[in-house]
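One letter stands for each residue in the lines below.
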Amino acid sequence: MKSYQKLTAAQPAACRLEEEGAAPVPSGHGKLAPWWVGSGLLVAAVLLSTITVWVLRQVSGGWLGPTAPPKCLAVPESRRFDCYPERRVVVTQELCESRGCCFIQSPPLAEGRQGVPWCFYPPDFPSYTLESLNQTALGVVGLLVRREKAYYPRDIQKLRLDVEFETDTRLHIKITDAANPRYEVPLDVPRVMKRAENPIYSLNFSWDPFGVVLQRKATGTVLLNTTVAPLIFADQFLQISTSLPSRFLYGLGEHRDSLLHSLDWNTLTLWARDVSPTESFNLYGAHPFYLLMEEGGNSHGVFLLNSNAMEVALQPAPGLTWRTIGGVLDFYIFLGPDPSMVIQQYQQVIGFPAMPPMWALGFHLCRWGYGSSNGTWQTVRAMRNYQIPQDGQWNDIDYMDGYRDFTLDSQKFSSLPSLVEDLHKHGQHYVMILDPGISSTSPNGSYWPFDEGLRRGLFLNTTQGQPLIGQVWPGFTAFADFSNPDTHQWWLENLQHFHAHVPFDGLWIDMNEPSNFMDGSEHGCPPGELDNPPYTPAVLGNSLSAKTVCASAKQKVSVHYNLHNLYGLMEAKATASALIQLRGKRPFLISRSTFPSQGRYSGHWLGDNRSQWKDMRYSIPGLLSFSLFGIPLVGADICGFSGSASEELCTRWMQLGAFYPFSRNHNTQNEKAQDPTAFSPAARTAMKDVLLTRYSLLPFLYTLFHRAHLQGDTVARPLFFEFPQVKATWELDRQFLWGQSLLVTPVLEPGVDSVTGYVPQGTWYDFYTGSSVNSSGEMLKMSAPLEHLNLHIREGSILPTQKPGTTTEATRGNPLRLIVALSSHATAWGDLFWDDGESLDTFEKGNYSYVVFNVTQNIFTSTVLHASTEATKVTVGTLSIFGVQKPPSKVLLNGQEKPFSYLDNQVLSVSDLGMSLSQGFSLQWL
């Protein structure tokens with residue numbers, strides 16, 4: 001975050017006097033001591049005169065300076081776009097006016113807070129002129145010309161504007177150098193063949209100064225107006241600003257923040273960085289995409305396809321400024337009109353997420369510091385002993401020999417192959433960590449990964465053409481260049497060698513920002529404008545090389561300056577490909593650093609959090625933001641990575657974490673154990689129960705992931721996605737939904753036995769009992785003893801559930817229980833996607849079953865729309881119908897009478913149905 005620490009003028013005397021005058025009142029009774037009254041009057045007089053002087057100076061144009069020109073005074077504070085965004089610079093009037101900008105000081109803010117820019121663009125600041133505009137088959141092409149040079153070096157005089165009306169809800173605007181090619185993100189994006197016929201948007205241009213004005217046709221709402229500030233396009237400084245139609249803006253990751261961003265002079269930096277999640281820092285991934293809710297409930301999204309270091313400055317106008325230091329300005333705008341459609345349209349450009357194997361949706365357990373394979377095995381056995389569900393057992397870097405990739409500590413982890421064999425026998429899976437830093441210090445010929453990588457030239461190089469050497473866990477390391485296709489083959493060969501010994505099932509790729517314990521390299525970074533650009537965004541550490549490699553490092557595709565934010569994506573792509581070749585099944589992969597399109601290859605965890613209540617709360621906006629980014633397989637380290645979790649915190653966090661799409665409890669070394677077996681019988685039982693609840697919901701969750709893979713639906717989603725017309729939902733980030741129909745309301749505070757949550761208008765049913773809650777759309781207080789997580793099912797939905805086992809494999813064979821939540825019109829709908837849970841491309845190859853469930857006029861029907869042999873192995877055992885107003889006299893299954901139960905809370909249950917999932921059936925109650 002940038003703070004305007006400019007001209008730290010002496011504090012006004014009145015403030016100091018006020019502080020000095022805050023002495024204790026003398027202990028006399030009755031009248032106030034005369035000295036106190038006199039001092040108080042003096043303080044008041046000085047304070048009043050200072051305020052008067054300040055107001056007069058503000059009106060006349062400055063805190064300490066001369067009167068500003070009328071054109072500057074005419075710009076309201078909230079619409080002052082920053083002309084001098086450099087940090088660690090005291091911006092004086094002289095510096096500001098040397099750029100041709102307005103200078104008006106504001107009172108200094110508290111340390112670390114950002115406020116109204118003192119140096120801002122006047123309305124007549126020179127920008128580009130639109131010289132020509134011509135129709136093309138897909139849109140228009142234009143020429144932009146700048147007559148006066150901007151104040152960053154090598155500004156580009158002539159720009160090419162390409163506008164393509166790609167679909168009725170998607171617009172593509174690209175601005176680049178008209179004469180010379182520039183670096184562009186090597187991301188596969190769709191190419192359209194014909195222009196949109198009935199776009200729901202209209203686009204107009206300002207010619208001088210150049211700007212675009214985008215409106216939604218249906219409402220006239222202006223979504224973008226880039227005439228609010230000048231366009232600057234220099235070689236290493238590109239800036240464009242726009243007004244926004246509201247203050248409800250989400251996305252722009254990766255940051256620790258509320259789901260809804262503040263527009264109160266808030267700068268968000270995008271530059272992948274290894275740092276424990278902390279407010280206002282640039283974190284592990286870069287996602288230059290935002291979603292904005294418009295007044296009235298429509299929404300749109302904007303994606304800037306650019307991988308350079310970047311910052312996005314938000315201001316209360318409401319307005320936004322994109323600043324990036326390389327590449328081109330390549331914008332996609334998605335018109336929705338509802339938020340779910342915006343995210344679908346975004347993923348049509350970046351790619352839909354991969355379908356995970358079903359075991360990936362089970363519960364995973366990990367820690368750094370098991371100490372040995374036997375120590376790991378002990379935890380696995382304890383989990384089995386208490387019959388607590390678990391699908392994945394993981395190891396952190398302590399399984400390695402000297403923290404070197406593709407090695408095994410032959411002393412402490414000698415039994416790891418046997419442990420993995422045992423996991424497989426029990427229907428469980430093994431996942432291990434890998435880092436991209438390859439140890440460079442082993443004797444020549446003794447460590448194949450480095451020797452072979454060096455021989456093939458697969459590492460990041462310095463400007464001198466030698467491998468760049470940094471430092472990570474094993475000591476000095478070289479860094480694999482995943483932009484080189486040859487590196488993918490070497491990576492696969494390394495994994496093949498290790499897999500032959502330890503047949504792992506999934507991979508966890510960490511430290512891939514890439515992280516470096518040094519700044520740059522063992523020799524620092526060379527002088528030059530890649531490592532020391534004319535403008536450095538507000539990155540943690542104030543340098544592009546802070547705790548990573550030099551920006552000048554050479555990679556196959558380009559320099560690291562351009563590719564840094566893509567490092568994790570490129571590694572994920574190589575790793576997913578290797579897993580497919582190794583196992584012939586769907587890959588399971590979790591990555592720390594991410595970039596748009598990452599969901600096609602991996603999931604994500606939210607990094608090295610802490611065992612604190614605050615961290616648990618922040619995990620919800622974290623996972624919801626990654627839902628917006630097209631990475632639905634996401635979760636935080638349950639119970640916290642660093643520090644020790646109390647029993648209460650860990651119990652509450654296990655309840656929340658059981659509803660992370662990716663559910664893993666992970667802990668650091670030298671802290672007390674926090675797996676479910678480490679706690680008291682009561683806590684252990686509460687954790688076991690909520691995991692069994694998750695496992696019972698696997699058919700529903702798996703179907704949600706199918707929809708994400710097929711069309712870009714979100715899995716975990718904010719309430720406003722389902723209720724965009726209800727403004728009360730727009731700021732909610734302490735609850736979330738699974739799909740359209742399951743509301744999760746976790747306890748996020750210590751020492752309470754109730755929780756207050758928003759319940760949208762309509763009827764909602766308690767997941768466990770089927771009792772109904774009728775809401776007018778309000779905050780409701782719910783009972784929440786330590787063993788209870790509040791879950792509610794939305795009226796009109798049907799949830800496919802299953803009798804839970806202790807693994808996904810065991811659960812898959814159990815009978816289904818279909819939960820019907822009747823609407824006020826006594827209707828409901830649901831669906832189920834089912835396949836073998838692990839084969840590649842089952843949907844694409846037709847090897848799946850798809851069943852639709854429907855209720856109308858007291859008749860439940862199950863209709864098989866597509867069948868495969870997998871469905872014949874599953875039976876529908878029970879039907880539970882919530883909200884049946886009157887006790888039925890009889891129930892008919894395919895016309896044959898069946899026994900049933902009916903409870904006072906209006907729940908009708910029919911058991912022992914014994915119907916194959918592969919056959920349609922109907923059930924009627926009379």
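All values reported here derive from a predicted model rather than from experimental measurement.

Conventions we followed
- Along each chain, the written sequence defines residue order, and numbers are assigned to residues from 1.
- Restriction of local features to residues with pLDDT of at least 70 applies here, the model being predicted, together with a cutoff of 80 or more for giving and counting side-chain atom pairs; totals for whole chains, interfaces and linings are based on all residues.
- In computing side-chain values, all of the structure's heavy atoms are included and hydrogens and water are not.
- Strand pairing is assigned whenever DSSP detects at least two bridges linking the two strands.
- In this text, helices come from DSSP runs of H or I with a minimum length of four residues, and strands from runs of E with a minimum of two, each type numbered from the N-terminal end.
- What counts as an axis is a line fitted to C-alpha atoms, over the stretch in contact for a helix, and the angles between N-to-C directions run from 0 to 180 degrees.
- When checking whether two residues touch, look at their non-hydrogen atoms; a contact exists if any pair is within 4.5 Å.
- Here, a salt bridge means any side-chain nitrogen of Lys or Arg that lies within 4 Å of a carboxyl oxygen of Asp or Glu.
- Accessibility here uses a 1.4 Å probe with only protein chains present; expressed as a share of the type maximum, an area under 20% marks a residue as buried, one over 50% as exposed, and anything in between as partly exposed.
- Two cysteine sulfur atoms make up a disulfide if the distance between them is within 2.5 Å.

A. Representation of the sheet that holds strand β3 (residues 128–135). Taken in spatial order, the eight strands make up an open sheet running β3-β4-β5-β6-β18-β15-β14-β12, and their pairing is antiparallel. In the strand order of this sheet, the two ends are held by β3 and β12 (248–253), each with one partner. Across the sheet, the mean angle separating the axes of adjacent strands is 15° when strand polarity is ignored. Bridge count for strand β15 (residues 299–304) against strand β18 (residues 329–334) is four bridges, and the pairing is antiparallel. Looking at the pairing, Phe-303 lines up with Tyr-332 of β18. On top of the sheet, helix α5 (residues 339–350) reaches β6 (170–177), β14 (287–293), β15 and β18; it is set at about 25° to β15, its chief contact.

B. Region of interest: the pattern of salt bridges. A complete count under the given rule lists 40 salt bridges for this structure. One salt bridge connects Glu-166 with Arg-170, and the closest N-O pair in it is separated by 2.6 Å. Residue classification places Glu-166 among the buried residues on the basis of a relative accessible area of 5%. Given a relative accessible area of 4%, Arg-170 falls into the buried group. A single network of salt bridges, built from pairs that share partners, joins Asp-274, Asp-510, Glu-513, Arg-592 and Asp-608.

C. Structural detail: the state of the cysteines. Following the criterion strictly, the structure yields five disulfides and no others. Put simply, Cys-72 and Cys-102 are joined by a disulfide, and their sulfur atoms are 2.0 Å apart. The chirality of the disulfide connecting Cys-72 with Cys-102 is left-handed, given an S-S dihedral of about -75°. Separated by 30 residues along the polypeptide, Cys-72 in helix α3 (residues 70–73) and Cys-102 in strand β1 (residues 102–103) bring together distant segments of the chain. Judged by relative accessible area, Cys-72 falls into the buried class, the value being 2%. When the bonded cysteines of the chain are numbered from the N-terminus onward, they pair as 1-5, 2-4, 3-6, 7-8, 9-10. Of all cysteine sulfurs in the structure, the one in Cys-639 sits closest to Cys-366, which takes part in no disulfide; the separation is 13 Å. Overall, the relative accessible area of 2% leaves Cys-366 in the buried class.

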